[in-house]
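# Summary of structural features
Chain residues, written in single-letter form:
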Number of protein chains: 2
Amino acid sequence: MVTLKDVALKAGVSPSTVSRVVSGNGRVGQKCREHVQAVIKQMNYRPNTHARALACNRVEMIGLITPNVSTPFNGSIAIGVEEAAIELDYKTLITNTFRSPEAAINAIESFREQGCENIIIHTHSIDDVTLVKLAKEIKGLVVVNRFIAPIAQRCVWIDNVYGGRIAAEYLIAQGHKKLTIITDDKTARDPKDRILGIKQAVEDAGLHIPEERILFGINSIGNIEHGRKLARQLIEEKRDFTAVLAYNDMMAIGAINEFQDMGYKVPEDISVIGFDDLFICEVSRPHLSTIHYPIVEVAKFATQLSLALTNGDEGVIGKANMFMPSLVERSSVKNIKNNK
Amino acid sequence: MVTLKDVALKAGVSPSTVSRVVSGNGRVGQKCREHVQAVIKQMNYRPNTHARALACNRVEMIGLITPNVSTPFNGSIAIGVEEAAIELDYKTLITNTFRSPEAAINAIESFREQGCENIIIHTHSIDDVTLVKLAKEIKGLVVVNRFIAPIAQRCVWIDNVYGGRIAAEYLIAQGHKKLTIITDDKTARDPKDRILGIKQAVEDAGLHIPEERILFGINSIGNIEHGRKLARQLIEEKRDFTAVLAYNDMMAIGAINEFQDMGYKVPEDISVIGFDDLFICEVSRPHLSTIHYPIVEVAKFATQLSLALTNGDEGVIGKANMFMPSLVERSSVKNIKNNK
DNA sequence: TTGTACGCGTTATCAG
DNA sequence: CTGATAACGCGTACAA
């Protein structure tokens with residue numbers, strides 16, 4: 001392994017000079033710099049990450065904390081992070097917390113101790129208060145897919161209220177008057193925001209959603225199974241509705257499956273709309289209409305923001321951190337305007 | 001940040017003693033050890049990764065090289081790796097190569113330079129010869145989901161021939177006589193092995209698959225789109241068949257979608273079987289019958305093997321590295337034994 | 001068993 | 001603009 005000293009020796013200069021040309025800090029004579037650069041290339045020298053980290057207590061690495069990369073949504077977050085990281089030659093360190101708060105806190109501690117200040121938080125295992133405190137201590141901490149008012153400038157999220165609104169508006173425009181919602185944990189913010197948007201649209205149209213048509217999950221993770229369960233409940237308890245707004249695509253697809261298994265046709269008997277726009281929308285039958293969530297872009301921006309925060313690049317800072325979702329029409333919603 | 005020296009000071013011993021109790025190398029008096037451990041816990045000391053890496057030129061980190069974690073198969077590999085890594089307190093560094101050979105080679109180089117000898121290769125961007133060479137130089141290099149004879153003991157893979165065989169046997173048992181195969185790149189090993197297994201089963205049954213009923217992809221990645229394309233070709237060119245063996249679930253689902261869009265019913269008109277057993281099998285209509293690939297287990301084992309290789313634990317070494325796939329019956333294959 | 005001293009590869013502070 | 005020199009935190013021969 002070729003070191004800085006080796007280069008210095010061969011180039012006939014001091015180690016410090018080599019360090020200067022490598023890092024770009026400090027002035028070096030034009031001629032001298034070029035010579036050193038040539039030697040570096042010739043010897044194929046590459047700086048040692050650990051020595052550098054030890055010396056300046058910082059490291060070119062970005063840590064992502066996520067529940068489980070193997071799910072499509074989380075996987076896309078990871079991709080966005082790495083795409084942005086790679087552009088600046090940062091490495092990506094991923095920790096899956098599997099919904100364990102301790103694992104999440106541990107991971108953050110571990111990152112910090114290694115001098116990694118660029119941390120992307122994508123988990124709900126850590127509460128707002130803790131995160132606000134951590135954000136004060138860690139320059140490059142950024143929260144993705146979540147909004148925490150006191151550190152809004154450190155969050156990158158989407159307008160869930162708007163997302164809920166356009167979903168409902170679409171259903172209403174297709175003639176649906178009796179909407180129902182199957183969603184995630186009652187206490188979580190995203191479900192609440194989306195419901196808020198839905199209610200706004202519903203009221204604007206002079207309609208109403210009774211509480212009994214809003215089904216929550218308890219300690220759920222908005223997955224297929226959860227969607228199935230609530231769909232079954234909808235049918236068994238004979239709720240009166242023509243369309244379902246699911247919290248996300250996974251739940252929507254679970255619901256569609258359950259409806260179909262119970263003998264209902266989608267969208268002929270029941271219309272369903274999802275949220276996220278994962279690749280499975282094209283897999284399901286019928287193809288799932290949904291609200292597009294620009295996941296990769298969001299994650300990419302979050303990463304750029306984190307990097308800007310620690311490196312003092314003002315470019316990204318101050319830009320809007322809220323992205324807008326958009327409607328994607330496929331075939332899980334039926335136009336019933338002229339029926340009934 | 002609390003260092004080894006701080007602990008030594010507080011405990012009234014020398015730094016080397018603390019180092020010894022932390023690392024476990026070298027004898028330390030029972031009483032002394034306990035005292036030091038108490039102080040460590042009390043001060044919440046945690047060793048500095050970089051200093052350690054610098055001093056001994058090795059690091060407790062495992063690097064995964066994968067095309068793109070955001071796809072279900074690759075994501076599961078990542079999960080398996082991290083699950084195994086976390087058990088030994090190793091960190092997981094993930095690099096997505098997006099099918100670029102340079103990116104893959106770069107990542108390996110980068111890992112090595114950082115003293116990371118534990119590298120899990122999950123990509124076909126690097127050829128066999130290069131990998132064999134690298135395996136000689138890097139103690140902890142392990143190849144997952146791929147078999148390379150000269151370094152078989154460093155590969156963890158599944159029996160693709162057997163997988164192909166049981167898939168075909170199942171179809172044949174269901175009365176299918178005219179099978180067709182839609183698969184991946186002709187030059188890749190996995191498709192070839194699976195085809196081999198299929199042919200074995202077919203011949204054992206006294207049947208035959210003409211070459212025109214085996215459709216390959218070119219430079220494809222076995223995704224949904226690819227499945228759609230070959231399915232369409234099957235129909236348009238009026239190939240004669242009752243069942244389709246897809247290279248993997250993604251292709252199978254693409255094919256099912258295409259068949260359905262063209263007005264065919266699955267499995268009534270055409271039966272389809274996949275490979276991998278991803279979560280989308282339960283999503284598709286009909287639910288996809290497939291060959292189960294123990295992805296997480298394979299990745300986990302590969303990681304344990306890598307760790308054993310570098311740490312000299314002989315436990316895992318020598319065990320069989322080949323896992324066996326198994327049949328999962330769902331509803332995409334019709335029994336036509338008593339028809340026609 | 002325990003402590004001392006040096007080196008790992010780099011950066012940063014200070015002279016020159 | 002350049003070169004010594006001292007850290008950074010830890011492991012490890014070597015000495016005690």
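A brief structural summary. (Residues numbered from 1 in each chain as written. Chains lettered and ligands numbered in written order. Predicted model: local features only at pLDDT ≥ 70, side-chain atom pairs only at ≥ 80, totals over all residues. Heavy atoms only, no water.)

### What to know about the relation of the copies chain A and chain B
Note on the identical chains: chain A maps onto chain B by a rotation of 180° and an axial translation of 0.1 Å, with an RMSD of 0.2 Å. On the angle and the small slide along the axis, the relation comes out as a two-fold axis. Most of the interface of chain A is mirrored in chain B, where 98% of its interface residues are also at the interface. (Least-squares fit on C-alpha atoms with pLDDT ≥ 70 in both. Contact = heavy atoms within 4.5 Å.)

### A look at a nonpolar patch on the surface
Judged by side-chain polarity, Tyr162(A), Met322(A) and Met324(A) come together as a nonpolar surface patch covering roughly 260 Å² of accessible area. Within the element layout of this structure, Met324(A) appears in the loop between strand 11 (322–323) and strand 12 (326–328). (Patch = residues over 30% accessible without salt bridge, like charges linked within 9 Å, V, L, I, M, F, W, Y side chains within 5 Å. Areas by Shrake-Rupley, 256 points an atom, 1.4 Å probe, with all protein chains shown as cover. Salt bridge = Lys/Arg side-chain N within 4 Å of Asp/Glu carboxyl O. Helix = DSSP H or I, 4+ residues; strand = E, 2+ residues; numbered from the N terminus.)

### Focus: the protein's contact with DNA strand C
Neighbouring residues of DNA strand C: 22 residues in total, closest Leu4(A), Tyr45(A), Ser16(B), Arg20(B) and Gly29(B). Here the atoms of DNA strand C within 4 Å of the protein split so that 65% fall in sugar or phosphate, with bases taking the remainder. Leu4(A) places a polar main-chain atom, nitrogen or oxygen, 2.4 Å from a phosphate oxygen of DNA strand C. At a separation of 3.4 Å, a base nitrogen of DNA strand C approaches a polar backbone atom of Ala51(A). Its residues assigned to classes, the surface near DNA strand C shows ten nonpolar, nine polar and three charged. (Near = heavy atom within 4 Å. Polar contact = N/O pair within 3.5 Å; in protein donor to acceptor, adjacent residues only side chain to side chain. Nonpolar A, V, L, I, M, F, W, Y, C, P; charged D, E, K, R; others polar.)

### Quick notes on the protein's contact with DNA strand D
Lining the immediate environment of DNA strand D, one finds 22 residues, of which Thr17(A), Arg20(A), Gly29(A), Leu4(B) and Tyr45(B) sit closest. Within 4 Å of the protein, the contacting atoms of DNA strand D are drawn from sugar and phosphate to the extent of 66%. Where the surface near DNA strand D is concerned, the elements lending two or more residues are helix 2 (15–23) and helix 4 (49–56) of chain A together with helix 2 (15–23) and helix 4 (49–56) of chain B. Classifying every residue of the surface near DNA strand D by side-chain character gives ten nonpolar, nine polar and three charged.

### A short note on helix 11 (residues 249–261) of chain B
Along an α-helix, residues three or four apart share an orientation, since each turn contains 3.6 residues. Residues and elements named next belong to chain B. Under the 1.5 Å per step criterion, the end-to-end length of helix 11 is 18 Å for 13 residues, consistent within 8% with the ideal 18 Å. Here helix 11 lies mainly inside the structure; twelve of its 13 residues are buried. What helix 11 keeps buried is the set Asp249, Met250, Met251, Ala252, Ile253, Gly254, Ala255, Ile256, Asn257, Glu258, Phe259 and Gln260. Sitting at the amino-terminal end of helix 11 is Asn248, which places a side-chain oxygen 3.3 Å from the backbone nitrogen of Met250. Once helix 11 finishes, Gly263 follows within two positions and takes phi at roughly 95°, a positive value. (Expected span 1.5 Å × (residues − 1). Buried < 20%, exposed > 50% of the residue type's maximum accessible area, 1.4 Å probe, protein only.)

### So, the sheet that holds strand 8 (residues 243–246) of chain B
Residues and elements named next belong to chain B. The four strands are arranged 7-6-8-9 in an open sheet whose pairing can be described as parallel. Each of the sheet's edge strands pairs with one partner strand only, and the pair in question is strand 7 (214–217) and strand 9 (271–273). Each strand axis lies, on average, 20° off the axis of its neighbour in the sheet, ignoring direction. Against the sheet, helix 8 (residues 160–173) contacts strand 6 (179–185), strand 8 and strand 9, and its axis sits at roughly 170° relative to strand 8. (Pairing = 2+ DSSP bridges. Axes fitted to C-alpha atoms, helices over the stretch in contact; angles between N-to-C directions.)

### Details of the packing of helix 4 of chain A against helix 4 of chain B
One can describe the packing of helix 4 of chain A onto helix 4 of chain B by two numbers: an axis separation of 8 Å at closest approach and a directional angle of 135°. In terms of axis orientation, helix 4 of chain A runs oblique to helix 4 of chain B. Here helix 4 of chain A and helix 4 of chain B pass one another in a crossing that is left-handed. Of the residues in helix 4 of chain B, those touching helix 4 of chain A at His50(A), Ala51(A), Ala53(A) and Leu54(A) are His50(B), Ala51(B), Ala53(B) and Leu54(B). A breakdown of the residues in the contact of helix 4 of chain A with helix 4 of chain B according to their chemical character gives six nonpolar, two polar and no charged. (Parallel < 35°, antiparallel > 145°, perpendicular 65-115°, else oblique. Left-handed = near helix turned anticlockwise from the far one by under 90°.)

### Regarding the interface of chain A and chain B
Each partner contributes to the interface: chain A provides 46 residues, whereas chain B provides 45 residues. Summing both partners gives a buried area of about 4100 Å² for chain A against chain B, and 58% of it is carried by carbon and sulfur. Looking at the side of chain A facing chain B, the largest losses of area belong to His50(A), Glu113(A) and Arg285(A), adding up to 18% of the total buried there. In this structure, the connection of chain A to chain B is made through four salt bridges. Ionic pairing is found between Arg46(A) and Glu113(B), a salt bridge with its closest N-O pair at 3.2 Å. (Buried area = accessible area lost by both parts, 1.4 Å probe.)

### What about the packing of aromatic side chains?
Residues and elements named next belong to chain B. According to the stated counting rule, one finds eight aromatic pairs over all chains in the structure shown. With a centroid separation of 6.3 Å and an interplanar angle of 40°, the aromatic rings of Phe241 and Phe259 are classed as tilted. Pair noted here: Phe241 is in the loop between helix 10 (224–236) and strand 8 and Phe259 is in helix 11, with a separation of 18 residues, a long-range link. When sorted by exposure, Phe241 lands in the same class as Phe259, which is buried. With a centroid separation of 5.8 Å and 65° between ring planes, the pair formed by Phe301 and Phe323 is classed as edge-to-face. (Phe/Tyr/Trp six-rings, centres within 6.5 Å; stacked < 30°, edge-to-face > 60°.)

### So, the sheet that holds strand 7 (residues 214–217) of chain A
All names here are of chain A. Spatial strand order, 7-6-8-9: four strands in an open sheet with parallel pairing. Whereas interior strands pair on both sides, the edge strands pair on one side only; in this sheet they are strand 7 and strand 9 (271–273). The average angle at which neighbouring strand axes cross in this sheet is 20°, direction not considered. Looking at chain direction, strand 8 (residues 243–246) and strand 9 are connected through three bridges and run parallel. Counterpart to Ala243 in the pairing with strand 9 is Ser271. Sheet strands in contact with helix 9 (residues 189–204) are strand 6 (179–185), strand 7 and strand 8, and its direction is about 165° off that of strand 6. Of the strands in this sheet, strand 6, strand 7 and strand 8 touch helix 10 (residues 224–236), which is tilted by about 140° from strand 6.

### Some details on the pattern of salt bridges
Following the criterion strictly, the structure yields 38 salt bridges over all chains and no others. Through salt bridges with shared partners, a single ionic network connects Arg228(A), Arg232(A), Glu236(A), Glu258(A), Asp261(A) and Arg285(B).

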